[in-house]
Amino acid sequence: MNRRVVITGMGAICALGHDARQVWAGMRDGRSAIGPLIGFDGQDMRVRVAAQVRDYDPIEYFDEKKLLLLDRVSQFALIAAREAVAQSGLDFDSGDLRQRTACVIGTGAGGEQTNDEASRRLYKEDNPRLHPLSIVRRMMNAPASQVSIEFGVTGPTFAVSSACASANHAFAQAFALVRSGAVDAALAGGTEACITLGVLRAWEAMRVLADDTCRPFCKQRRGLVLGEGAGMFVLEDFDHARARGAEILAEFAGAGMSADAVDIVMPSDLGAARAIRSALDDAQLNTSEIDYINAHGTGTPANDPTETRAIRKVFDEHADSLAVSSTKSVHGHALGAAGALELIAVLGALREGVLPPTANFVDPDPQCDLDYVPNVARERDVRAVLSNAFAFGGLNAVVALRRAA
Amino acid sequence: MSDDVQQTIFGIIAKESGLDPAKITMDSTLKDLEIPSLDAIQIIFEIEDHYKIQMPDRDPNFDTESVRGLVETVRKLVAEKDAAPPPATPPTV
């Protein structure tokens, strides 16, 4: 049995705003939320800029007792999930929906705020006593478990971790569960709260961070800029959604996954192309039906030309009629949440017929020769889209969406 | 000029890349030596950690792609560090 799967709810929080509407508006307007790094005074950071969630007070969302249980990574997941579930109108008290709902959430780094606090106590304060809730805050499945508890959903629930492809891998798992009939609905997405001293220092040492801003695909790109946040979505069986009269945001048409199996950091165009091809096949979409690709587009010297070659390999002459953009230019690279934030971008493009631009674009790079929608949004009839995610470790996950009929 | 800095850097490059030190010359670039990027960042890390300095990152005023550039950059940064006055107040723990 292969059922049709649709998206009936979305929620997001990131540097662009604290709900999906604000996040999409920032993407569409090409308004970069990358700014000077805050919160690390006196640390002599080499990292200068980041896309941090600002003006955020967790107490507006959670009571103090609940907050004790929540690393920032779970807070973001819960905030986005509440928005997505509210929009979907799902009533978990109806029939056996609780048991028939899955929850799959990607994260690359997990509870890093908790890890940082533990390290500070152990090594700086020489204090051997860690907070008794350290484990339950930082375990990789904490966001998935917290979301399942929040809504009382009791179907298959787990975390997916594949660095920068975590969210797209999570979508692929949730999609498979709904499509197969194992469940009727799934809460799926990605979350990351990676802007901690330990994570920043580790990224500094890799020397892949830009010191100015994120400029994907252009000649002046100097690397990636870290971001944080979460995107959560309700995936639902089409018949189930239609029967209850839900608004359908888009059809989740397919997913493709691959491993480069070459290098732990350097990306491979062949591996990326295989994932793109397999997403198209899974969705039964022809290359000519794809109007827009939300690129992985990190802005590193290595990713952008490799991704360009991968798109050319799969799309051949249609590559020149495609629009490709990277919204990481405005919300940074949120690692395990990247694909989830970028699903907001492709849903916006499908629903409004507007392509979000690649912001901060200066001059074209001869190695990156596609239409990247530089700096200014563009109207276009968008029938079907892809969203790419290619992780360190050579792990690729691409999702395909179709406009709601 | 061959000195401690040069020998130390040759040693770090040889250790991290697994190359025969005899193959490394001042005129080599890391690319000529076919050193993968992951090894290159480990070389930079070992140099920084050894001298307690911070190597520039894609700064057009410094050449960190060639062996000569690395040696000269380290000499300059070490000289700057030695010339710097000590902090006015010791850092508190």
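A short tour of the structure in this document, coming up. (Residues numbered from 1 in each chain as written. Chains lettered and ligands numbered in written order. Predicted model: local features only at pLDDT ≥ 70, side-chain atom pairs only at ≥ 80, totals over all residues.)

**Overview of the interface of chain B and chain A**
Put simply, the rule is: Here contacts are defined at the residue level, using C-beta atoms placed from the backbone and a cut-off of 7 Å between them. Here the nonpolar group is Ala, Val, Leu, Ile, Met, Phe, Trp, Tyr, Cys and Pro; Asp, Glu, Lys and Arg are the charged ones; every other residue, Gly included, is treated as polar.
Contact residues are listed per partner, giving 7 residues for chain B and 7 residues for chain A. The residue inventory of the side of chain B that touches chain A, partitioned by class, reads 3 nonpolar, 2 polar and 2 charged.

**Details of the packing of helix α4 (residues 112–124) of chain A against helix α8 (residues 197–206) of chain A**
Residues and elements named next belong to chain A. This is how it is decided: Every axis in this analysis is a line fitted to C-alpha atoms, fitted for helices over the stretch in contact. Angles between the N-to-C directions lie between 0 and 180 degrees. A run of H or I in DSSP counts as a helix once it spans at least four residues, and a run of E counts as a strand once it spans at least two, with each numbered from the N terminus. In these notes the angle categories are as follows: under 35 degrees is roughly parallel, over 145 is roughly antiparallel, 65 to 115 is roughly perpendicular, and the rest is oblique.
At their nearest, the axes of α4 and α8 sit 8 Å apart, and the two run at 100° to each other. The orientation of α4 with respect to α8, classified from their angle, is roughly perpendicular. Between α4 and α8, the residues in contact are E112, N115, D116 and S119 and L197, G198 and V199, respectively. Of the residues in the contact of α4 with α8, the class split is 2 nonpolar, 3 polar and 2 charged.

**Concerning the sheet that holds strand β7 (residues 229–237) of chain A**
Residue and element names in this part refer to chain A. The test is simple: Strands are labelled as partners when DSSP assigns at least two bridges between them.
The mixed open sheet is built from 10 strands, whose spatial order is β5-β4-β6-β7-β1-β8-β14-β13-β9-β10. Where the open sheet ends on each side, the last strands, each with one partner, are β5 (157–160) and β10 (323–325). The mean angle between the axes of side-by-side strands here comes to 25°, regardless of whether they run parallel or antiparallel.

**Things to note about the environment of V324(A)**
Residues and elements named next belong to chain A. Defined as follows: Neighbour counting defines burial: a residue surrounded by 20 or more other C-beta atoms within 10 Å of its own C-beta is buried, one with 12 or fewer is exposed, and intermediate counts give partly exposed, using backbone-placed C-beta atoms.
The topology assignment puts V324 in strand β10. Its 25 C-beta neighbours within 10 Å are what place V324 among the buried residues. Considering only alpha carbons, one finds V324 and T358, 34 residues apart in sequence, at a separation of 8.4 Å.

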